[in-house]
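# Coordinates in review
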Amino acid sequence: MITKREALEKTAAMWRWLSQDGRREKSDYPGLREEEHYPINECYCCQYAEEHNAGSDPCMSCPLSSLWPIYCINCTSPYAEWSEARNRNEFDNAEKYALEIALAAEEELGKLL
């Protein structure tokens, strides 16, 4: 099982990597290939939420719920904006949203210390 600390550390690292080039896909992240168990949705926070869910909706256990109070796939979330920017070939914007997610993960990680 992944811990909240691990999920946030790995999320921050992956999204920092994605923020370096807006053309990058989550599935290309080298850290994913090193995992014994490939994370759900190519997302360490989704994996954590699934494993530590106490209710019927695992998204409510997401360590980044402060970043997207409803769901990460909500059309106004940084994740949805990242995905849409990539679909529109707006790679500079994709980098900006990826960095926003990385910084949010780092902020949440700081709260655990």
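Residues numbered from 1 in each chain as written. Predicted model: local features only at pLDDT ≥ 70, side-chain atom pairs only at ≥ 80, totals over all residues. Heavy atoms only, no water.

## What about the nonpolar core?
Put simply, the test is: Residues belong to a common nonpolar core when they are buried Ala, Val, Leu, Ile, Met, Phe, Trp, Tyr or Cys residues joined through side-chain atoms within 4.5 Å. A 1.4 Å probe rolled over the protein chains alone gives each residue an accessible area, and that area as a share of the maximum for its type sets the label: buried under 20%, exposed over 50%, partly exposed in between. Strands here mean DSSP runs of E at least two residues long; helices mean DSSP runs of H or I at least four residues long; both are numbered from the N terminus. Contact criterion: two residues are considered in contact whenever any of their non-hydrogen atoms come within 4.5 Å of each other.
In this structure, Trp15, Leu64 and Trp82 are the most contacted members of the largest nonpolar core, which totals 29 residues. Elements that contribute at least two residues to this core include exactly helix H1 (4-19), helix H3 (44-51), helix H4 (78-87) and helix H5 (91-112). Here this core takes eight residues from H5, the largest share from any one element. With sequence-adjacent residues up to four places away left out, tryptophan 82 is seen in contact with Trp15, Leu18, Arg24, Lys26, Ala94, Tyr97 and Ala98.

## Topic: unusual backbone geometry
Residue asparagine 41 is not a glycine yet carries a positive backbone phi of 60°. On the secondary structure map, asparagine 41 appears in the loop between helix H2 (30-33) and H3. Looking at asparagine 41, the relative accessible area reads 52%, which means it is exposed. Despite not being glycine, asparagine 89 shows a phi value in the positive range, around 60°.

## Some details on H1
The following threshold applies: Helix span, expected: 1.5 Å multiplied by one less than the number of residues in the helix.
With 16 residues, H1 should reach 22 Å at 1.5 Å per residue; the first-to-last C-alpha distance of 22 Å fits that figure. Among all positions of H1, only Ala7, Leu8, Thr11, Ala12, Met14, Trp15, Trp17, Leu18 and Ser19 are buried. Contact partners of the buried residues in H1: H2, H3, H4 and H5.

## Quick notes on the pattern of salt bridges
This is how the line gets drawn: Salt bridge criterion: a side-chain nitrogen from Lys or Arg within 4 Å of a carboxyl oxygen from Asp or Glu.
Scanning the entire structure with this criterion turns up six salt bridges. A salt bridge links glutamate 84 to arginine 88; the nearest nitrogen and oxygen atoms lie 3.8 Å apart. The class for glutamate 84 is partly exposed, based on a relative accessible area of 39%. Close ionic contact of lysine 111 with glutamate 108 constitutes a salt bridge, the shortest N to O distance being 3.0 Å. Taken as a pair, lysine 111 and glutamate 108 lie in helix H5 at a separation of three residues, close to a single helical turn. On the accessibility criterion, lysine 111 (54% relative accessible area) is exposed. Three or more residues are tied together by salt bridges with common partners; here these are Glu84, Arg88 and Glu90.

## So, the packing of aromatic side chains
Put simply, the test is: Classification of ring pairs rests on two measures: the distance between centres of Phe, Tyr or Trp rings, Trp counted by its six-membered ring, which must be within 6.5 Å, and the angle between planes, read as stacked under 30 degrees, edge-to-face over 60 and tilted in between. Only when the NZ atom of a Lys or the CZ atom of an Arg is both within 6 Å of the ring centre and within 35 degrees of the ring normal do we say a charge sits over the ring.
All told, the structure shown has four aromatic pairs when counted by the stated rule. Both rings, one in tryptophan 15 and one in tyrosine 79, keep their centres 6.0 Å apart while their planes meet at 90°; by these two values the pair is edge-to-face. Placement of tryptophan 15 in helix H1 and of tyrosine 79 in helix H4 is noted, with a sequence separation of 64 residues between them. With a relative accessible area of 3%, tryptophan 15 lands in the buried category. Judged by centre distance (4.8 Å) and plane angle (80°), the rings of tryptophan 15 and tryptophan 82 are edge-to-face. Highlighted residues: tryptophan 15 in helix H1 and tryptophan 82 in helix H4, separated in sequence by 67 residues. Taken individually, tryptophan 15 and tryptophan 82 each receive the classification buried, so the pair is uniform in this respect. Here a set of aromatic residues connected by ring pairs shows up, and it is made of Trp15, Tyr79 and Trp82. In this structure, arginine 24 packs its charged tip against the face of tryptophan 17, placed 4.1 Å from the ring centre.

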